[in-house]
Amino acid sequence: MSTMNPLSPEALLAAPKVLLHDHLDGGLRPRTVIELADACGHEGLPTADPAELGAWFRDNADSGSLVRYLEGFAHTCGVMQDEAALVRVAAEAAQDLADDGVAYAEIRYAPELFTDRGLRLEQVVEAVNEGFRQGEAASGNRIRVNALLCAMRQNDGWQRIADLVVRYRDAGVVGFDIAGPEAGFPATRELPAFEYLREQNAHFTVHAGEADGLESIHRAVQRCGAERLGHGVRIIDDVDGDQVGRLAAYVRDRRIALEMCPTSNVHTGAFASIAEHPVKRLADLGFRVTLNTDNRLMSDCSLTGEFAAVVREFDFGWDDLRTFTVNAAKAAFLPLDERRALIQDVVEPGYAALKG
Ligand SMILES: O=c1[nH]cnc2c1ncn2[C@H]1C[C@H](O)[C@@H](CO)O1
Ligand SMILES: [Zn+2]
């Protein structure tokens with residue numbers, strides 16, 4: 001650990017960060033949920049007090065079950081059913097991440113969840129893009145944001161979302177994902193959507209190895225062709241001490257990024273505590289580990305906070321945090337020149353300055 005510059009909260013906030021796994025509908029400001037609910041007539045919020053509502057989301061999320069965790073999204077998606085709301089939520093997300101020291105983010109959402117009041121999928125994508133552009137500008141362009149579009153694994157019609165990803169590939173959408181409950185909804189349920197994306201040379205990540213085990217990771221990587229894994233934490237089940245099994249070795253050797261979200265993983269019951277999280281073991285074994293937020297509202301977290309939590313628990317130093325950030329920049333769904341520029345012009349100088 002560097003003794004030159006302590007890993008203070010201020011220094012961690014200032015460190016340039018790259019965020020690959022953050023859900024738009026999991027990151028609203030509590031006050032915005034309340035104001036939008038008022039404006040659109042969404043009923044059933046447990047309280048109209050922002051601090052209490054934030055605590056309610058957190059308590060609901062900290063349930064030990066992914067299915068329970070996902071229940072909180074009814075209240076965020078419920079208030080995101082018109083274009084103005086989507087623009088606002090997306091703009092605020094970009095600003096909040098910029099204020100958290102995030103230089104580049106890929107924010108994901110499922111367009112089909114915002115069509116209850118008649119919006120078309122294209123209107124959803126365009127409104128969210130507009131919000132990201134507004135948020136970038138409002139932050140003084142301290143951050144750049146791209147979108148990932150999710151299909152919900154329990155719903156049919158993943159191909160429609162894959163089509164949107166290809167259609168908007170030059171307009172701020174850089175990849176595809178599937179989200180929602182893992183158990184009972186394998187990633188191979190609509191395999192042709194992934195085959196289509198590969199045929200189109202489009203990028204995708206897959207939520208796997210969070211609630212379900214190694215077989216879900218095997219399906220995502222070997223059947224679907226995932227370039228990154230959402231969470232992927234159960235890959236640790238294929239590791240015994242320093243013995244790395246065949247699937248884990250494949251994931252490590254192909255540099256398939258693990259989008260790890262420690263606080264969220266504790267809330268959904270993947271691990272009992274951050275201390276039991278495999279982030280350090282996997283990093284030591286050479287996996288392409290990245291640190292992420294998942295759902296900033298539901299898990300009451302920030303990327304700076306996730307950095308602080310793993311520093312506290314595992315004694316990571318500046319070099320480790322720089323490695324996690326470079327890993328994320330390398331795994332971003334950006335063209336190679338832009339990934340290199342992010343690393344050389346933003347990440348490396350930022351950490352060099354902080355390290356002292
Ligand atoms: O950690 C997660 N695992 C699986 N699905 C998730 C997770 N966090 C959020 N989601 C779901 C709920 C959202 O409505 C959806 C799209 O952002 O993705
Ligand atoms: Zn997620």
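Here is what the cut-offs are and how they apply
- Residues numbered from 1 in each chain as written.
- Chains lettered and ligands numbered in written order.
- Predicted model: local features only at pLDDT ≥ 70, side-chain atom pairs only at ≥ 80, totals over all residues.
- Heavy atoms only, no water.
- UniProt positions renumbered as here; feature names shortened; annotations may be inferred.
- Buried < 20%, exposed > 50% of the residue type's maximum accessible area, 1.4 Å probe, protein only.
- Helix = DSSP H or I, 4+ residues; strand = E, 2+ residues; numbered from the N terminus.
- Contact = heavy atoms within 4.5 Å.

Under an unreviewed UniProt entry, the name given to the protein chain is Adenosine deaminase, and the source organism is Actinosynnema mirum. Regarding the protein chain, the relevant UniProt record gives this comment under Sequence similarities (unreviewed entry): "Belongs to the metallo-dependent hydrolases superfamily. Adenosine and AMP deaminases family. Adenosine deaminase subfamily." Check the Function (unreviewed entry) section of the UniProt entry for the protein chain; it says "Catalyzes the hydrolytic deamination of adenosine and 2-deoxyadenosine."

Some details on helix α11 (residues 246-253)
If you check which residues of α11 are buried, you get Leu247, Ala248, Ala249 and Val251. Where α11 is buried, its residues touch α10 (214-224), β6 (228-231), β7 (239-240), β8 (243-244) and β9 (257-260). Phi turns positive, to about 60 degrees, at Arg255, one or two residues after α11.

Let's talk about the UniProt feature "binding site: substrate" (unreviewed entry) in the protein chain
Mapped onto this numbering, the UniProt entry gives "binding site: substrate" (unreviewed entry) at His23, Asp25 and Gly180. A compact arrangement is adopted by the annotated residues: their sequence extent is 158 residues, whereas the largest C-alpha distance between any two is 12.4 Å. Tracing the backbone shows His23 in strand β1 (residues 17-23). For His23, the residues in contact, after removing those within four places along its chain, are Ile107, Arg108, Ala179, His207, Asp294 and Asn295. Following the sequence through the fold, Gly180 ends up in the loop between β4 (173-179) and α9 (191-199). Discounting chain neighbours no more than four positions away, the residues touching Gly180 are Leu66, Leu70, Met152, Arg153 and Gln154.

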